[in-house]
Amino acid sequence: MKYSLIDIQKRLLPDLLPVMQRRFDILQYISLMEPVGRRSLSVSLGITERILRAEVSLLKEQNLIRIANVGMSLTTEGKKVLEGLTNTMRELKGLNSLEIQVKKSLGVGKVIIVSGNSDDSPWVKSELGRACAICMKGILAGENIIAVTGGTTMAAVAEMLTPELSKEMVFVPARGGIGEDVQNQANTICAKMAERTQAKHRVLYVPDQVSSEMYQTIVKEPLIHDVLTLIKSANIVLHGIGDAITMAERRKTSPEDLAKLIERKAVSEAFGYYFNEAGEIVHKVHTIGMQLDDLANVEHVIAVAGGASKAKAIRSYMKQVRPNTILITDEGAAKELLNM
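Overview of the structure.

What counts as what
- Residue numbering note: each chain is counted from 1, following its sequence as written.
- Side-chain atom pairs in this predicted model are given and counted only at pLDDT of 80 or more, local residue features only at pLDDT of at least 70, and totals for whole chains, interfaces and linings cover all residues.
- The basis for every side-chain value is the complete set of non-hydrogen atoms in the structure, without hydrogens or water.
- Each cavity reported here is a set of points on a 1 Å grid over the protein atoms alone in which a 1.4 Å probe fits but cannot get out, each pocket an open set with protein on both sides within 12 Å along at least five of seven lines, and each lining residue one with an atom within 4 Å of a point.
- Grid points are joined across faces, edges and corners, and a volume is the space filled by probe spheres set on the points.
- Note on residue classes: Ala, Val, Leu, Ile, Met, Phe, Trp, Tyr, Cys and Pro are nonpolar, Asp, Glu, Lys and Arg are charged, and everything else, Gly too, is polar.
- Between Lys or Arg on one side and Asp or Glu on the other, a salt bridge is scored when a side-chain nitrogen of the former is within 4 Å of a carboxyl oxygen of the latter.
- In this text, helices come from DSSP runs of H or I with a minimum length of four residues, and strands from runs of E with a minimum of two, each type numbered from the N-terminal end.
- Buried residues are those whose accessible area, probed at 1.4 Å on protein chains only, stays under 20% of the maximum for their type, while exposed residues exceed 50% and partly exposed ones sit between those limits.
- Two cysteine sulfur atoms make up a disulfide if the distance between them is within 2.5 Å.
- Working convention: axes come from line fits to C-alpha atoms, limited for helices to the stretch in contact. Angles between N-to-C directions cover 0 to 180 degrees.
- Roughly parallel here means an angle under 35 degrees, roughly antiparallel means over 145, roughly perpendicular means 65 to 115, and every remaining angle is called oblique.
- When the near helix sits turned anticlockwise from the far one by under a right angle, the crossing is termed left-handed; a clockwise turn instead gives a right-handed crossing.
- Note on contacts: a residue pair qualifies if any of its non-hydrogen atoms lie within 4.5 Å across the two residues.

**Here's the deal with empty space enclosed by the protein**
What the rule picks out here adds up to one cavity of 30 Å³ or more. In this structure, the largest cavity occupies an estimated 40 Å³ of space. Every residue along the wall of the largest cavity is listed here: L292, L295, Y317, Q320, V321, R322, N324 and T325. Looking at the lining of the largest cavity residue by residue, the classes come out as four nonpolar, three polar and one charged.

Here's what the structure looks like:
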């Protein structure tokens with residue numbers, strides 16, 4: 001059996017790997033949040049200030065970070081080292097192998113896993129956003145209509161987009177959103193994505209949930225009809241996966257429907273559909289915008305969700321997926337998915 005350099009390091013220098021991981025985490029966090037203060041870094045990474053002080057001093061001596069009054073940031077050299085170290089750390093943590101296992105387990109088209117667990121480290125959500133931005137860069141071609149749902153994960157994706165992605169793009173909200181927290185509404189996130197990429201966007205100012213009668217009336221409005229036509233023509237869809245009860249409470253679902261979701265053991269939500277552990281639809285609300293069946297006609301569907309606590313919801317929803325779906329998740333969710 002032939003040993004790789006990493007295998008040899010694990011055997012001869014076992015203490016080296018935890019140190020490399022810690023310094024990699026520090027560089028990665030600074031890269032995402034720069035400029036960042038030492039206390040924020042200590043709390044977010046769970047490292048004592050005494051240990052962090054020594055690590056920061058070493059990284060500064062190596063010209064990998066700079067320290068100013070506003071906080072720490074990476075030097076050009078630091079960015080190069082972080083970029084070169086990323087693939088090595090993925091191999092060390094077995095993320096490439098984990099992606100293959102999760103892909104096979106879920107039967108999804110492609111799986112991308114980032115390091116960490118967003119339940120424990122909120123900054124990992126930014127890494128999910130960056131992974132989504134990189135994924136988008138690889139699939140954008142020609143003219144693109146990108147439908148986007150709301151939620152904190154999609155808001156994190158918006159923060160990671162850059163003008164480098166600039167193509168012929170129009171961002172559209174996948175569904176209505178009046179009634180939700182404005183920052184996490186699909187309309188707001190689409191506007192942010194368009195601003196970050198210097199692209200165009202459209203808005204859909206309608207309630208997230210409507211009665212059957214109101215639905216029939218609203219969809220006939222010319223301006224709304226035009227946006228709905230764009231949504232139905234989307235070649236890329238970006239969406240999150242919600243925990244069923246959390247999403248229902250956030251949307252101020254009636255006590256009767258909430259009781260129904262609990263009784264029917266709903267665990268996940270997407271596009272206004274609620275699913276049980278078997279992936280069966282147990283409830284649906286009337287939403288204006290993209291429907292589950294519409295995904296079959298979309299070239300690229302990117303689902304982004306992380307955290308070990310989301311594993312059950314991810315597995316539940318993924319029973320509905322088609323080969324055009326790419327799942328972007330984190331290490332915490334991935335390991336929990338395989339343990340279930």
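That shown, we press on.
**What about the pattern of salt bridges?**
Counted under the stated rule, the structure contains twelve salt bridges. Note that E159 and K192 form a salt bridge whose closest N and O atoms lie 3.9 Å from each other. Here E159, found in helix α8 (residues 152-160), pairs with K192, found in helix α9 (residues 186-197); they are 33 residues apart in sequence, far enough to count as distant. For K192, a relative accessible area of 26% corresponds to the partly exposed category.

**What to know about the state of the cysteines**
If you walk through the whole model with that rule in mind, you get zero disulfides. Just so you know, C132 is unpaired, no disulfide at all, and the nearest cysteine sulfur is the one on C135, 6.3 Å from it. A relative accessible area of 0% places C132 in the buried class.

**Quick look at unusual backbone geometry**
Residues apart from glycine generally show negative phi values, whereas peptide bonds are mostly found in trans. Cis geometry marks the peptide bond from E34 to P35; its omega dihedral reads -5°. The backbone phi angle of Q198 is positive, close to 60°, even though this residue is not glycine. Locating Q198 in the fold gives a position in the loop between α9 and β6 (200-201). Judged by its relative accessible area of 59%, Q198 is exposed. The phi angle at K265 is positive, at roughly 60°, despite the residue not being glycine. You can see K265 is positioned in the loop between α13 (255-263) and β9 (266-270).

**Re the packing of helix α2 (residues 16-33) against helix α5 (residues 76-93)**
Viewed as axis vectors pointing N to C, α2 and α5 meet at an angle of 130°, and their least axial separation amounts to 10 Å. Taken together, α2 and α5 sit at an angle that is classed as oblique. For the pair α2 and α5, the sense of crossing is left-handed. Residues L17, M20, Q21, F24, L27, Q28 and S31 of α2 form the contact with α5, whose participating residues are V81, L82, L85, T86, M89, L92 and K93. Its residues assigned to classes, the contact of α2 with α5 comprises nine nonpolar, four polar and one charged.

No statement about biological role is implied by the geometric values presented.
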